[in-house]
Amino acid sequence: MPKKSAKPEESVKSVMSDESGEPRKPNLLQALIPIAVLIALLILNVNYFGDNTLDGANQFALLLASAVAGIIAVTLGVKWTHIRESMVKSIGSAMPSILILLMIGALAGTWLLSGVVPTLIYYGLQIFHPKIFLFATVIITGLVSLATGSSWSTVATIGIALIGVGQALGISEGMVAGAVISGAYFGDKMSPLSDTTNLAPAMAGTDLFTHIRYMTITTVPAMSITLVIFLVMGFTYKFDATPGDIDLVLEAISSKFNVSPWLMLVPAFLVFIIVKKIPPLPALLAGSLIGGVFAIIFQPHLIREIALGLDGTTTSFFKASYLSVMQSIFGDIAITTPNEMVNELLSSTGMRGMLNTIWLILSAMVFGGTMESAGLLVKITSSVIRWANSTGSLVATTIATSIFFNITASDQYIAIVVPGRMFANSYKKRGLKPEVLSRTLEDGGTITSVLVPWNTCGATQSRVLGVPTMEYVPYAFFNMLSPLFSILFAYLNYKIRRYGDDVPSLRARQSQPSLRARRNQPAEKAITDEERKDF
């Protein structure tokens, strides 16, 4: 019977014994070799494959780096069975993300066929002035993500539509994607419905709303500067599209789709059920199926057109509906108009289009699992801790460690959980309250995950938006500013909460006996004992 999987730190301890016959501890050089190999291969891929690195080159680079890590693990005495179990466990942790990614592909397909996405583009072009479009994009995605608690759902729904609007307005896809990512991850970070917003305080030992309130100290300045930057960009950017071009886009969409406000019920329903705390996977499945139903009701002509292209002889509307909706869920569909730019917006690859991204995620998780099997990741991060000699350097080191895990383990949850466990005692010894650690984990782990092309977040959002990660990274201002503000405020000692900050000193209390007498004595003693223990 296979042994039950241990926690990451426990599995490392189990193989790191110096006893005879047990694996040896790695040194720092051994731990860094796979990282160096991976970086070298990724640089070669970018130089030689350009924008096509996600078609297989980066995936195999991760597998080769995994092989190097595996060889090092074997030389240290780690059993192959342990390496394999670690890889499988790592892949297992990514399965929810993979399933959600497949559902996002299905949703994108049915929402295109039903006319939901074209309708959002159609009304968006009429509502948004080009100069405030980027600013408004951040606001809209931020509000939707705040309401739903999910950056993934926000990007997969309203984000796709906003990319289409931006293209029609002649705005760079990278800029629009950066605005979408900035808003979506602001909401994901601050929403009490977000899984990472609940995970970070759980790892640090504080409560949810204390964590959210404390995050506003770094989040508000980062978002304010982001909004100002996008507003300035909007008023200084030279737009390629003219009012005549926009009219042509509107005409092309209305010529192929029955545009109706009723189609807005589909995204409204999805937002509603997510707000009601329906898990993302069933919520996205429901959104996909309702999109298929609305396609049959509102776009019967497209149903017949697509089915005819698939079957050639289809006469039954039932058969045509089944063929077209199923094709939109799992495969390629493309709506053709006289306008070539619009044609680029009106295509989807369904679940099948997500397979390259899933391949990338699987390869990344294999690399992370192999590195973890021999304690290589922990060796690197534990070596970094010794540099944390002040509050500022401790926060900076925590953020750097979270980013490191986003790059190597390719998963934002690992980037929160492992550093949270590693640094908890260090924060406590310095008298720092747990919300300081929880905020740092969010600023370093959650926010930066989408900036790494092979991370589950970066790979997914890039695929969903159809924009390469490195193309939107320069414009994901909020995601880059948040960790910087966290580090800056720590070095400036600005609003860094410590035990005893909100309790009068013992000397002050001794000088006010009448005040002490009015207080509940047992509660006061508990606080005093806690202070003494933490210091």
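What counts and what doesn't
- Residues numbered from 1 in each chain as written.
- Predicted model: local features only at pLDDT ≥ 70, side-chain atom pairs only at ≥ 80, totals over all residues.
- Heavy atoms only, no water.
- Helix = DSSP H or I, 4+ residues; strand = E, 2+ residues; numbered from the N terminus.
- Contact = heavy atoms within 4.5 Å.
- Core = buried A, V, L, I, M, F, W, Y, C linked by side-chain atoms within 4.5 Å.
- Buried < 20%, exposed > 50% of the residue type's maximum accessible area, 1.4 Å probe, protein only.
- Expected span 1.5 Å × (residues − 1).
- Polar contact = N/O pair within 3.5 Å; in protein donor to acceptor, adjacent residues only side chain to side chain.
- Axes fitted to C-alpha atoms, helices over the stretch in contact; angles between N-to-C directions.
- Parallel < 35°, antiparallel > 145°, perpendicular 65-115°, else oblique.
- Left-handed = near helix turned anticlockwise from the far one by under 90°.
- Phe/Tyr/Trp six-rings, centres within 6.5 Å; stacked < 30°, edge-to-face > 60°.

Novice: Is there a simple way to explain the side chain of S328 in this structure?
Specialist: By secondary structure assignment, the location of S328 is in helix α15 (residues 317-330). S328 has contacts with G105, A106, G109, T110, L113, I333 and G350, leaving out every residue within four places of it along the chain.

Novice: Mind showing me how you'd approach the nonpolar core here?
Specialist: As a rule of thumb, nonpolar side chains are buried together in soluble globular proteins. Ranked by internal contacts, the top residues of the largest apolar core, which has 147 residues, are L125, F133 and L134. Ranked by residues supplied to this core, first place goes to helix α4 (residues 80-114) with 15 residues. Among all residues touching L125, those that are not within four sequence positions of it are V165, A168, L169, I246, V249 and L250.

Novice: Looking at this model, I keep getting lost on helix α10 (residues 208-236). Mind explaining?
Specialist: At 3.6 residues per turn, the α-helix brings residues three or four places apart onto the same side. A rise of 1.5 Å per residue sets the reference length of α10, with its 29 residues, at 42 Å; its end C-alpha atoms lie 40 Å apart and thus fit the reference within 8%. In this structure D207 caps α10, since a side-chain oxygen of it lies 3.3 Å from the backbone nitrogen of F209.

Novice: Would you explain the side chain of T196 in this entry?
Specialist: Residue position: T196 is located in helix α9 (residues 195-204). Side-chain polar atoms of T196 contact the side chain of D188, separated by 3.3 Å.

Novice: Can you walk me through the environment of G142 in this structure?
Specialist: Assignment of secondary structure puts G142 in helix α6 (residues 133-148). C-alpha of G142 to C-alpha of G187: the two residues are 45 residues apart in sequence and 4.8 Å apart in space. Excluding residues within four positions of it along the chain, G142 makes contact with G183, A184, F186 and G187.

Novice: In this structure, what is going on with the packing of helix α19 (residues 391-408) against helix α21 (residues 434-446)? I would like to understand it.
Specialist: Helix packing geometry: the angle between the two helix axes and the distance between the axes. Between α19 and α21, the least distance of the axes is 8 Å, while the angle of their chain directions is 40°. Between α19 and α21, the angle falls in the class oblique. Handedness of the α19/α21 crossing: right-handed. Every residue of α21 that contacts α19 at V395, T398, I399, S402, I403 and N406 is listed here: L437, T440, L441, G444 and G445.

Novice: Any chance you could explain the packing of aromatic side chains here in plain terms?
Specialist: Any aromatic ring pair is given by two values, namely how distant the centres are and how the planes are angled relative to each other. This model, assessed by the stated rule, comprises eight aromatic pairs. For the ring pair Y122 and Y123, a centre distance of 5.7 Å and an interplane angle of 80° mean the geometry is edge-to-face. Taking the relative accessible area as the measure of exposure, Y123 reaches 24% and is therefore partly exposed. Judged by centre distance (6.3 Å) and plane angle (90°), the ring pair of Y475 and F477 falls under edge-to-face. Taken together, the ring pairs connect F230, Y475 and F477 into an aromatic cluster.

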